Amino acid sequence: MLLALFLFSLGFAALFGLTVGALYESGQASNLMEGANLAQSKMDRLAAHEWSDNFARRDCVPGGIVEGTDGRFHWLIRSEWHDSPELLEVGVEVHWMERGNPYQYKLESLYAVE
């Protein structure tokens, strides 16, 4: 009887450990998905407007950085003129902290600007 109770508790502890690990990984995946969606929405917002409007509203500053926060996420939009003056390289970085560890998601694209 004691051996059966020991084996049951050992199996229960293993299943509990797996459940806790799965919940932690699920939380990390959820945060990564939120960060990726935020970066994509910032990039989509820039692409949906004329670049002259983006520059005028200071949503994107060539050679500079625009930054802000959205909940627990901190985002940066960096842009630089590429080799030719008509190509603008835009990068969106999203940073967040999770259990004391820093995480980041970065999205980059080139846009033809007239």
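Residues numbered from 1 in each chain as written. Predicted model: local features only at pLDDT ≥ 70, side-chain atom pairs only at ≥ 80, totals over all residues. Heavy atoms only, no water.

Asks: Describe the overall build of the chain, listing the residues and the values that go with them.
Replies: In terms of helices and strands, the chain carries 2 helices and 4 strands. Reading the chain from its N terminus to its C terminus gives the helix and strand order α-α-β-β-β-β. Rg of the C-alpha trace for the chain: 22 Å, well past the compact-globule value of 13 Å for 114 residues, more than 25% over. When burial is assessed residue by residue, the chain has 29% of its 114 residues classed as buried. Contacts spanning at least 24 positions in sequence make up 40% of the contacts within the chain whose residues lie at least 6 apart. Accessible area of the chain: about 7,800 Å², with a carbon and sulfur share of 61%. Placing the 8 positive and 16 negative side-chain charges of the chain at their respective mean positions leaves the two points 8 Å apart. (Helix = DSSP H or I, 4+ residues; strand = E, 2+ residues; numbered from the N terminus. Rg over C-alpha atoms; globule rule 2.2 N^0.38 Å. Buried < 20%, exposed > 50% of the residue type's maximum accessible area, 1.4 Å probe, protein only. Contact = heavy atoms within 4.5 Å. Areas by Shrake-Rupley, 256 points an atom, 1.4 Å probe, with all protein chains shown as cover. Lys, Arg positive; Asp, Glu negative; His and termini not counted. Charge placed at Lys NZ, Arg CZ, Asp CG, Glu CD.)

Asks: Describe the sheet that holds strand β2 (residues 73–81), and please don't skip the residues or the numbers.
Replies: The 4 strands are arranged β1-β2-β3-β4 in an open sheet whose pairing can be described as antiparallel. Across the chains shown, the open sheet's two edge strands, defined by having one partner strand only, are β1 (65–70) and β4 (101–112). Along the sheet, successive strands turn relative to each other by an average axial angle of 15 degrees, direction set aside. Taken together, the 12 bridges between strand β3 (residues 87–98) and β4 define a ladder with antiparallel strand orientation. Pairing of L88 across the sheet is with Y111, part of β4. Together, β1, β2, β3 and β4 form the strand contacts of helix α1 (residues 2–48), whose direction differs from that of β3 by roughly 150 degrees. (Pairing = 2+ DSSP bridges. Axes fitted to C-alpha atoms, helices over the stretch in contact; angles between N-to-C directions.)

Asks: Break down the nonpolar core for me, with residues and values.
Replies: Ranked by internal contacts, the top residues of the largest apolar core, which has 19 residues, are W51, I77, V90 and V94. For this core, the secondary structure elements donating two or more residues are α1, β2, β3 and β4. Among the elements that line this core, the one with the most residues is β3, at 5 residues. Ignoring any residue separated from it by four or fewer positions in sequence, one finds V90 in contact with M43, L46, W51, C60, I77, R78, S79, L107, E108, S109 and Y111. (Core = buried A, V, L, I, M, F, W, Y, C linked by side-chain atoms within 4.5 Å.)

By themselves, these figures tell us nothing about what the structure is for.
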